[in-house]
Amino acid sequence: MPTIRQRNGRFQSQVRIKQHGEIVHEQSATFDTEPQALRWGYGIEDQWAKGLIVSKQSAKTVADIVAAHRAALVDAEKDTRGFEHSFNGLIDSKLGKMQALKVEAGDIVEWGKAYGKTRSPATVLHALMALRSCYSTARSEMKIKVDVQEVADAINHLNRLGIAGKSTERDRRVTDAEVDAICKYHEKMEGTTIPLRKCMTLAIALPRRKGELFSGMKWADYDGETIKLWDTKDPTKVRNELVPVLPKAKAIIESMPRTKGFIMPYNPGSVGTAIYRICQLIGIEDLHWHDLRHEGVSRLFEAGLDIPRVAMVSGHQSWATLRRYVHLKPGDVVDRMRELEKAT
């Protein structure tokens, strides 16, 4: 029932609608007579009952709750870089435009199928986990009673279909012959300004993430033996690293023209795209940019560096991650034992 208050000779009608003890819709208006105020109030309640009025909570879209979750992470000083592609993929989609309270598992599955056409199952799963976190934020901070179980059901179904799933560990090794073939093709192309050979060989000699190589290394932070990388990837804190520059990487870096800015001032996306397209043209199969880093880390182990020293170069933080880069064979163990026996 609307609440009527008389103010300055006029009548204010206020409608407050509650669900589960919380106000989900509130509206007021002022009239000359009390009957007018009552009729208007009852009319609003009738419209609500018929579903003709959308509450502020009901009007929130999936894009709204994703944006709110992102803002909550930023306010808490959490690093969002690893989630930006997932957030943008949700915000810019058909799912993003839907009212969050009306989204069902089937809608999320439909989005997952479309999103997964050009992305790996691991990437799809990463985005779905991000969506689940957004739903949790919507419930706890926005007081929107979205159903997290709808996301969980969609994840389970997309997992069964193979559209979403955990990443498989790649063990693709990159040969010097493959690098040479890609670079020779690139060098014959007209209008290219990226020194692809230097980019690829540096990715192996200094096996860091692509963004760190091309938009993280500055001349001001390089002293000939080490380079300071600022705010490198870490899920919990800001991490700055002093990275040793090994001889092969040093030779490549010092062959670059000295400027006041970046050592490798190239768009990382353009570098990766160039490699992918050339591989398609010359028939090199299943080679990704990240495989260069994998190759570089593998070669560090093969050169005899131990885990802490490799981690200092590559930026990995745990053996659980690094162990897949060690390609040991039984003969390697025997040979190493013989070397140790000779040394004693």
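Higher on the page you've got the structure.
Conventions and cut-offs
Residues numbered from 1 in each chain as written. Predicted model: local features only at pLDDT ≥ 70, side-chain atom pairs only at ≥ 80, totals over all residues. Heavy atoms only, no water. Helix = DSSP H or I, 4+ residues; strand = E, 2+ residues; numbered from the N terminus. Rg over C-alpha atoms; globule rule 2.2 N^0.38 Å. Buried < 20%, exposed > 50% of the residue type's maximum accessible area, 1.4 Å probe, protein only. Contact = heavy atoms within 4.5 Å. Areas by Shrake-Rupley, 256 points an atom, 1.4 Å probe, with all protein chains shown as cover. Pairing = 2+ DSSP bridges. Arc of directions from axis to C-beta. Phe/Tyr/Trp six-rings, centres within 6.5 Å; stacked < 30°, edge-to-face > 60°. Lys NZ or Arg CZ within 6 Å of the ring centre and 35° of its normal. Disulfide = S-S within 2.5 Å. Polar contact = N/O pair within 3.5 Å; in protein donor to acceptor, adjacent residues only side chain to side chain.

A.B. asks: Describe in detail the overall build of the protein, supporting the description with residues and values.
C.D. replies: When you go through the protein residue by residue, the secondary structure sums to 16 helices and 5 strands. By the compact-globule yardstick of 20 Å for 344 residues, the protein is too spread out, its C-alpha radius of gyration being 29 Å. Projecting the C-alpha coordinates of the protein onto the three principal axes gives extents of approximately 100 × 50 × 50 Å. When each of the 344 residues of the protein is scored for burial, the buried share is 38%. Of the contacts formed within the protein by residues at least 6 apart in sequence, a portion of 61% connects residues at least 24 apart. A total of about 20,100 Å² of accessible surface is found on the protein, and carbon and sulfur atoms cover 52% of it.

A.B. asks: So, the pairing of strand 5 (residues 239-244): which residues are in play, and what are the values?
C.D. replies: Burial of the side chains of strand 5 is restricted to one face: Arg 239, Glu 241 and Val 243 are buried, whereas none of Asn 240, Leu 242 and Pro 244 on the reverse face is. Taken together, the 5 bridges between strand 4 (residues 226-232) and strand 5 define a ladder with antiparallel strand orientation. In the sheet register, Thr 232 faces strand 5, and the bridge partner there is Arg 239.

A.B. asks: Give me helix 14 (residues 307-314): which residues, what numbers.
C.D. replies: All of the buried residues in helix 14 are Val 310, Ala 311, Val 313 and Ser 314. In a view along the axis of helix 14, the buried residues occupy a sector of 160°, so they form one face of it. In helix 14, those exposed residues whose orientation departs by more than 90 degrees from the buried face are Pro 308 and Arg 309. Looking at the residues trailing helix 14, positive phi occurs at Gly 315, about 90°.

A.B. asks: I'd like a description of the packing of aromatic side chains, backed by residues and values.
C.D. replies: Tallied over the entire structure, the rule returns 5 aromatic pairs. Between Phe 83 and Phe 87, the ring centres sit 6.0 Å apart and the planes meet at 20°, which makes this aromatic pair stacked. For Phe 83, a relative accessible area of 31% translates into the label partly exposed. On the accessibility criterion, Phe 87 (1% relative accessible area) is buried. Against the face of Trp 230 rests Lys 228, its NZ or CZ located 4.1 Å from the ring centre.

A.B. asks: Kindly report on the state of the cysteines, identifying the contributing residues and their values.
C.D. replies: For the structure shown, the criterion picks out 0 disulfides. No disulfide involves Cys 183; its sulfur sits 8.8 Å from that of Cys 199, the nearest cysteine. Cys 279 takes part in no disulfide bond, and the closest cysteine sulfur to it belongs to Cys 183, at a distance of 10.0 Å. The buried category is assigned to Cys 279, whose relative accessible area is 3%.

A.B. asks: Lay out the side chain of Ser 314 in plain terms, naming residues and giving numbers.
C.D. replies: Along the chain, Ser 314 turns up in helix 14. There is a polar contact of 2.8 Å between the side chain of Ser 314 and the side chain of His 316. Residues contacting Ser 314, with those up to four places away along its chain left out, are Pro 207, Arg 208, Arg 293, Val 297 and Leu 322.

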